[in-house]
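The primary structure of each chain is shown beneath.
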Amino acid sequence: MAHIGFAGEPPSPAVRRLTAGIAPSTLQEILNRCLSGTVSPAVALMQMLIDTEDASAVRAAVDEVTGRAATLSRASDSILRDRVDDLTQLVVENEPGCERIAEMLQGTMDSPEPARTVEEGIAFCERLFDWSVQQSEEASVALYSLGSPQLLERATMEIMAELEQWGRVSNDHSVLDIGCGIGRLVQKLAPYVREVSGIDVSKRMIDAAVRRCGSLPNVHLLKGTGHDLHEFAGATFDTAIAVDTFPYLRQSGAALVETYFMEAARVLKPGGELVIFNYSYLGDDEADAAEVAALARDHGFDVLVSAIRPLAMWDGLAFRLRRRPPAVSS
Ligand SMILES: C[S@@+](CC[C@H](N)C(=O)[O-])C[C@H]1O[C@@H](n2cnc3c(N)ncnc32)[C@H](O)[C@@H]1O
């Protein structure tokens, strides 16, 4: 299982030679992480685009590294050469996508962070995702897809493989996707589970999801209020997934995170599981693990997996929580 982490070993002298002098230093650091194998080329490109909001600057930095790598020996530096080749290929094949992402980032409304009220946070997320899904459906749910359906498909299949390995994909299971976006996971899960429901605060996300997979007979999609999961009865689901949704709940306020944990516990059957990919964007895995552990304890979950990065393409931080059966009073 590939393990892509945010931190990692310091760059080797060979990596440092390839990135020496690349400005700004934030780009150099991202390239160091990518060429050391700590983040995937897709995530590195996304991070560089977020950092600069300038596709030409990112292209120039990658071109510089590509040029310098030509002098590396294939025999002694084959892994490093391969990493440079992967990054170069991704940039070359996705030039229009990178430009589109840079434009999206320039146009993105500033987040009221932290939101002053939960209402303000939810309203912001609704506007943000209504807007971004109109720019690019693929990028709106996963910026690192660079807007490419093929890259998003690859990333989605990696998440599916992990869910399968964790026993969450089974034809007698009901699954809930919290913050389902365009329904990429709903669509993939549907053939392999009994029923799958997706809920999202963004009407335009749900419109896209309905267009993509709403006609599947065991799929239910709905626009929620963003406040809770009141549309679903208690003890309905075997699994609830939240893929890159919690960071937005968290930005909307700690009270909303508490509510969603309480709601997830309510709608899950005893023994059912809540799978979270990314809890926050703080970049502090230990802090995330501590917060999730406290929430799990307060809302009746056991932590089965905490703060691992099991995917090769996306560095989503994964948590797997099991809902404890209610205590039997004697
Ligand atoms: C980065 S996208 C990820 C979408 C989807 N989980 C995926 O991975 O393809 C985050 C999603 O969370 C949704 N979201 C944000 N706040 C929400 C809330 N309070 N309730 C429900 N969905 C919310 C957004 O509308 C958006 O679709």
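Here the structure is a predicted model, which is why all the values come from computation and not from measurement. (Residues numbered from 1 in each chain as written. Predicted model: local features only at pLDDT ≥ 70, side-chain atom pairs only at ≥ 80, totals over all residues. Heavy atoms only, no water.)

**Re the site of the ligand**
Item 1. Around the ligand sit 19 residues, and of these Gly179, Arg184, Asp200, Gly226 and Val243 come closest.
Item 2. One nitrogen or oxygen atom from the side chain of Asp200 is found 2.5 Å from an oxygen atom belonging to the ligand.
Item 3. Note that a nitrogen atom of the ligand is positioned 2.8 Å from one of the backbone N or O atoms of Val243.
Item 4. When the ligand sits alone it has 590 Å² of accessible area, and the protein chains cover 99% of it.
Item 5. Those elements that place two or more of their residues in the shell around the ligand are helix H7 (118-135), helix H12 (246-252) and helix H13 (254-267).
Item 6. Of the residues contributing to the shell around the ligand, the split by class is 11 nonpolar, 5 polar and 3 charged. (Near = heavy atom within 4 Å. Polar contact = N/O pair within 3.5 Å; in protein donor to acceptor, adjacent residues only side chain to side chain. Areas by Shrake-Rupley, 256 points an atom, 1.4 Å probe, with all protein chains shown as cover. Helix = DSSP H or I, 4+ residues; strand = E, 2+ residues; numbered from the N terminus. Nonpolar A, V, L, I, M, F, W, Y, C, P; charged D, E, K, R; others polar.)

**A look at the confidence of the model for the protein**
Item 1. Mean pLDDT over the protein stands at 94; residues scoring 70 or higher make up 96%.
Item 2. Residue range residues 1-6 is modelled with pLDDT below 50. Its contacts to residues more than four positions away, or to other chains, number 25 contacts. (pLDDT = per-residue confidence, 0-100. Contact = heavy atoms within 4.5 Å.)

**A few points about the packing of aromatic side chains**
Item 1. Counted under the stated rule, the structure contains 9 aromatic pairs.
Item 2. Their ring planes at 35° and their centres at 5.9 Å tell us that Phe277 and Trp314 sit as a pair that is tilted. Of this pair, Phe277 sits in strand E5 (residues 268-277) while Trp314 is found in the loop between strand E6 (301-308) and strand E7 (318-323), placing the two residues 37 residues apart along the sequence.
Item 3. What makes Phe277 buried here is its relative accessible area of 1%.
Item 4. In this structure an aromatic cluster arises from ring pairing among Tyr144, Trp166, Phe277 and Trp314. (Phe/Tyr/Trp six-rings, centres within 6.5 Å; stacked < 30°, edge-to-face > 60°. Buried < 20%, exposed > 50% of the residue type's maximum accessible area, 1.4 Å probe, protein only.)

**Looking at the layout of surface pockets**
Item 1. When its volume is computed, the second largest pocket comes out at roughly 220 Å³.
Item 2. If you trace the second largest pocket, you find it lined by Ser40, Pro41, Ala42, Asp86, Gln89, Leu90, Glu93, Leu151, Arg154, Glu158, Ala312 and Met313.
Item 3. Of all the elements in the fold, those that place two or more residues in the lining of the second largest pocket are helix H3 (41-52), helix H5 (78-93) and helix H9 (149-165).
Item 4. Here the element with the most residues in the lining of the second largest pocket is H5; it accounts for 4 residues. (1 Å grid on protein atoms, 1.4 Å probe; cavity = no way out; pocket = protein on both sides within 12 Å on 5 of 7 lines; lining within 4 Å. Points joined across faces, edges and corners; volume = space filled by probe spheres on them.)

**Side note on the pairing of E7**
Item 1. Most of E7 is tucked away: 5 of the 6 residues are buried.
Item 2. Pairing of E5 with E7, which is carried by 5 bridges, proceeds in the antiparallel orientation. In the sheet register, Leu274 faces E7, and the bridge partner there is Leu321.
Item 3. As paired elements, E6 and E7 share 5 bridges and run antiparallel to each other. In the strand pairing of E7, Val303 is matched with Leu321. (Pairing = 2+ DSSP bridges.)

**Concerning the nonpolar core**
Item 1. Leu45, Leu49, Tyr144, Leu189 and Phe277 are the most contacted members of the largest nonpolar core, which has 78 residues in total.
Item 2. Broken down by element, the residue count for this core peaks at 7 residues, all from H3.
Item 3. Each of two domains, domain 1 (13-104) and domain 2 (149-323), supplies a minimum of three residues to this core.
Item 4. In this structure, Leu189 is in contact with Met160, Leu163, Val169, Val175, Val196 and Ile241, ignoring residues within four places of it in sequence.
Item 5. By size, the runner-up hydrophobic cluster in this structure holds 32 residues, among which are Phe246, Ala265, Leu274 and Ala289. (Core = buried A, V, L, I, M, F, W, Y, C linked by side-chain atoms within 4.5 Å. Domains from an automatic or database assignment.)

**Topic: the domain arrangement of the protein**
Item 1. The domains assigned to the protein are domain 1 (13-104) and domain 2 (149-323).
Item 2. Computed over C-alpha atoms, the centres of domain 1 and domain 2 are 31 Å apart.
Item 3. Listed by partner, the interface residues are 6 residues for domain 1 and 5 residues for domain 2.
Item 4. Note on domain 1 versus domain 2: buried area summed over both sides is about 360 Å², and carbon and sulfur give 66% of it.
Item 5. At the surface where domain 1 touches domain 2, the tally comes to 0 salt bridges. (Buried area = accessible area lost by both parts, 1.4 Å probe. Salt bridge = Lys/Arg side-chain N within 4 Å of Asp/Glu carboxyl O.)

**Focus on the pairing of strand E1 (residues 174-178)**
Item 1. For E1, a buried count of 5 out of 5 residues is recorded, marking the element as mostly surrounded by other parts of the structure.
Item 2. Residues Ser174, Leu176 and Ile178 point to one face of E1 and Val175 and Asp177 to the other, with burial holding for every one of them.
Item 3. Where E1 lies against strand E2 (residues 195-200), 5 bridges are found, and the strand directions are parallel. Counted as the bridge partner of Ile178 is Ile199 from E2.

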